[in-house]
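As a plain string of letters, each chain reads:
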Amino acid sequence: MTATKLDLIQTEKWGLFSDMRKPVIIAGPCSAESEQQIFETAKALKNAGVEVLRAGIWKPRTRPNCFEGVGSEGLSWMQRVQRELGMKISTEVANVKHVYEALKAGMDMLWIGARTTANPFAMQEIADALKGTDIPVLVKNPVNPDVELWIGALERLNMAGLKKMGVIHRGFSTYGKTKYRNVPQWQLPIEIKRRFPEMLMICDPSHISGKREYIQEISQQAMDLGFDGLIVESHICPEIALSDAAQQVTPMALSEILDKLVIRDIDSENVEYKENIDELRARIDVLDNDLLELLASRMRVSDEIGKYKKQNNITILQPGRWDTILGKVFEKGNQKGLDNEFLEKIFKAIHQASIDRQTKIMNE
Ligand code: PEP
Ligand code: MN
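Scoring rules and cut-offs
Residues numbered from 1 in each chain as written. Chains lettered and ligands numbered in written order. Predicted model: local features only at pLDDT ≥ 70, side-chain atom pairs only at ≥ 80, totals over all residues. Heavy atoms only, no water. Near = heavy atom within 4 Å. Polar contact = N/O pair within 3.5 Å; in protein donor to acceptor, adjacent residues only side chain to side chain. Areas by Shrake-Rupley, 256 points an atom, 1.4 Å probe, with all protein chains shown as cover. Patch = residues over 30% accessible without salt bridge, like charges linked within 9 Å, V, L, I, M, F, W, Y side chains within 5 Å. Salt bridge = Lys/Arg side-chain N within 4 Å of Asp/Glu carboxyl O. Helix = DSSP H or I, 4+ residues; strand = E, 2+ residues; numbered from the N terminus. Buried < 20%, exposed > 50% of the residue type's maximum accessible area, 1.4 Å probe, protein only. Lys, Arg positive; Asp, Glu negative; His and termini not counted. Contact = heavy atoms within 4.5 Å. Domains from an automatic or database assignment. Buried area = accessible area lost by both parts, 1.4 Å probe. Nonpolar A, V, L, I, M, F, W, Y, C, P; charged D, E, K, R; others polar. Phe/Tyr/Trp six-rings, centres within 6.5 Å; stacked < 30°, edge-to-face > 60°. Lys NZ or Arg CZ within 6 Å of the ring centre and 35° of its normal. Donors = N, O, S within 2.8 Å, 3.2 Å for Na, K, Ca; no water. Axes fitted to C-alpha atoms, helices over the stretch in contact; angles between N-to-C directions. Parallel < 35°, antiparallel > 145°, perpendicular 65-115°, else oblique. Left-handed = near helix turned anticlockwise from the far one by under 90°. Charge placed at Lys NZ, Arg CZ, Asp CG, Glu CD. Pairing = 2+ DSSP bridges.

Around ligand 1 lies a shell of 13 residues, among which Arg 54, Lys 59, Ala 114, Lys 140 and Arg 170 are the nearest. Take Ala 114: an N or O atom from its main chain is 2.9 Å from an oxygen atom of ligand 1. Here His 207 contributes a side-chain N or O atom positioned 3.2 Å from an oxygen atom of ligand 1. The protein chains hide 97% of the 300 Å² of surface that ligand 1 would expose on its own.

This is the structure in structure tokens:
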């Protein structure tokens, strides 16, 4: 792993967010759909205190024949927002043509989408096209949980002379059903923050959640982890949105979400202590969540085993198997510095819970 240093400009100097209060908010529809939709949404967001509008002009959709964005035509709708409402405007760029047109339209900020961050060829072309400008660029995490690929995209932009950079955490693709559309894997943005403490960290609760009802909890988690801000999809009428309808919120709902957010203070007397303790606790929370996910998956497999044993008329308890498991756990656990007493307690509890669930299934 190569050690990296990025040459970044402090976020306060970007001039995008007037008072750099926490959290900074970027909001707007997934896609620009019509001049009226953009203007009405932006007006309502401005009333809610949002300073930077987001809207996708070119949409990277997973499958063809979905709505792929209005294209260049939508740029003038955003320019109207900038001109008449005095808001800053931002959009996603995925190739050289997008960069050229977005810059010509006077975008105040750009973001790189998750599929583009994952592609070094595209990233290099975009970086080359941005050479000589100093526009702020936010880089979404790649779709796959690869922190080096994410950093690589930042390096390419930085090497092209861009210094106003931040990241957007939007979660990671997985196969199979999960609660969230994209699993958060908070440990990755945490690693970015550890490596580049001065990096502006934005969370995208909309694309993590996939459903508007989870936006509050993800946003709060981001605040708890000390993120600088949020980018939230907001549409004047989410039900009829042409893309990502289930995860968009009205400007009014966004305002309520923001009002409910608990923003953690940094104790002014014990700054260093507080920072250290916060980081330690955030790491614990992430790991505990991972443990819960793992336990839940393990129990789901136990249920399957229970059903299968029932079908084949086999006993639940298999002493030989349990012995083997415990033996392996001791061996591997000891190597990792965990003592037998602790391991036995934990794994006995897991084994017992698994037996209980299988018993229930067998007697259903
Ligand atoms: C978006 O912001 O609308 C978008 C397409 O996001 P992502 O690149 O995170 O999928
Ligand atoms: Mn979207």
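This next bit is on a nonpolar patch on the surface. Among the surface-exposed residues, Leu 338, Phe 342 and Ile 346 lie close enough to one another that they form a single nonpolar patch of about 240 Å² accessible area. In this fold, Phe 342 is placed in helix α13 (residues 340-362).

In the Ramachandran plot, Asn 65 falls in the positive-phi region, its phi being about 65 degrees despite a non-glycine side chain. Along the chain, the position of Asn 65 falls in the loop between β2 (52-54) and α2 (73-85). Since its relative accessible area comes to 79%, Asn 65 is described here as exposed.

Take the side chain of Lys 309 next. Position of Lys 309 relative to the elements: it lies in helix α11 (residues 271-312). Here Lys 309 is buried and forms no salt bridge, its nearest opposite-charge partner Asp 303 lying at an N-O distance of 11 Å. Ignoring any residue separated from it by four or fewer positions in sequence, one finds Lys 309 in contact with Ile 314, Thr 315, Ile 316, Gln 318, Gln 358 and Met 362.

Once that is clear, we can look at the domain arrangement of the protein chain. Each domain of the protein chain was delimited in the assignment, giving domain 1 (11-260) and domain 2 (271-362). Using only C-alpha atoms to locate each centre, domain 1 and domain 2 end up separated by 38 Å. Taken together, the contact pairs 5 residues of domain 1 with 4 residues of domain 2. Both sides of the domain 1 and domain 2 interface together cover about 360 Å² of buried area, and 70% of this is carbon and sulfur. Three residues stand out in domain 1 for area buried against domain 2, namely Gln 187, Ile 190 and Leu 225, and they jointly supply 68% of the buried area on that side. At the surface where domain 1 touches domain 2, the tally comes to 0 salt bridges. Linking domain 1 with domain 2 are 0 residue pairs in polar contact (both at pLDDT 80 or more). Its residues assigned to classes, the side of domain 1 that touches domain 2 shows 3 nonpolar, 2 polar and no charged.

Attention now goes to the packing of aromatic side chains. Inspection of every chain in the model, using the stated rule, returns 2 aromatic pairs. Plain terms: the ring middles of Tyr 180 and Tyr 214 are 5.3 Å apart, the flat faces sit at 90 degrees to each other, and that makes the pair edge-to-face. Remark: Tyr 214 occurs in the loop between α8 (205-209) and α9 (215-224) and Tyr 180 occurs in the loop between β6 (165-169) and α7 (187-195); sequence separation between them is 34 residues. An identical accessibility class is assigned to Tyr 180 and Tyr 214; each is buried. The ring of Phe 39 carries the charged tip of Arg 80 above its face, separated from the ring centre by 3.7 Å. The ring of Tyr 214 carries Lys 179 above its face, with NZ or CZ at 4.9 Å from the centroid.

What follows is about the coordination of the manganese ion (ligand 2). Those protein atoms acting as donors to the manganese ion (ligand 2) are Cys 30 (SG), His 207 (NE2), Glu 233 (OE) and Asp 244 (OD), and they sit at 2.1 to 2.4 Å. Spacing between the donor residues of the manganese ion (ligand 2) along their common chain follows C-x176-H-x25-E-x10-D. Taken together, the positions of Cys 30 in the loop between β1 (24-28) and α1 (35-47) and His 207 in helix α8 put the pair 177 residues apart, joining distant regions of the chain. The pair formed by Cys 30 and His 207 is uniform in burial state, with each residue classed as buried.

What follows concerns the packing of helix α3 (residues 96-104) against helix α5 (residues 120-130). Their axes nearest at 9 Å, the elements α3 and α5 cross at an angle of 30 degrees. Comparing the axis directions of α3 and α5 gives the class roughly parallel. Where α3 crosses over α5, the two elements pack in a sense that is right-handed. For the pair α3 and α5, contact is made by Val 96, Val 99 and Leu 103 and by Glu 125, Ile 126, Ala 129 and Leu 130, respectively. In the contact of α3 with α5, the residues fall into 6 nonpolar, no polar and 1 charged.

A few words on a negative patch on the surface. Residues Asp 285, Asp 288, Asp 290 and Glu 293 make up a contiguous surface patch of negative charge. In this fold, Asp 285 is placed in helix α11.

Take the sheet that holds β1 next. Strand pairing in a sheet relies on backbone hydrogen bonds. The paired strands run either parallel or antiparallel. With parallel pairing, the 8 strands of this closed barrel are ordered in space as β1-β2-β3-β4-β5-β6-β7-β8. Between one strand axis and the next, the sheet turns by 25 degrees as a mean value, whatever way the strands run. In this structure, β6 lies alongside strand β7 (residues 200-203), joined through 4 bridges in parallel fashion. Residue pairing in the sheet places His 169 in a bridge with Cys 203 of β7. Helix α6 (residues 147-159) contacts β5 (137-140) and β6 of the sheet and is inclined by roughly 155 degrees relative to β6. α9 rests against β7 and β8 (229-233) of the sheet, and its axis sits at about 165 degrees to β8.

Let us look at the pattern of salt bridges. Using the criterion set out here, one finds 18 salt bridges in the structure. Among the salt bridges present, the one from Lys 131 reaches Asp 128, with a minimum N-O distance of 3.8 Å. The partner of Asp 204 in a salt bridge is Lys 140, and the shortest N-O contact between them spans 2.8 Å. Of this pair, Asp 204 sits in the loop between β7 and α8 while Lys 140 is found in strand β5, placing the two residues 64 residues apart along the sequence. Classification of Asp 204 as buried rests on a relative accessible area of 1%.

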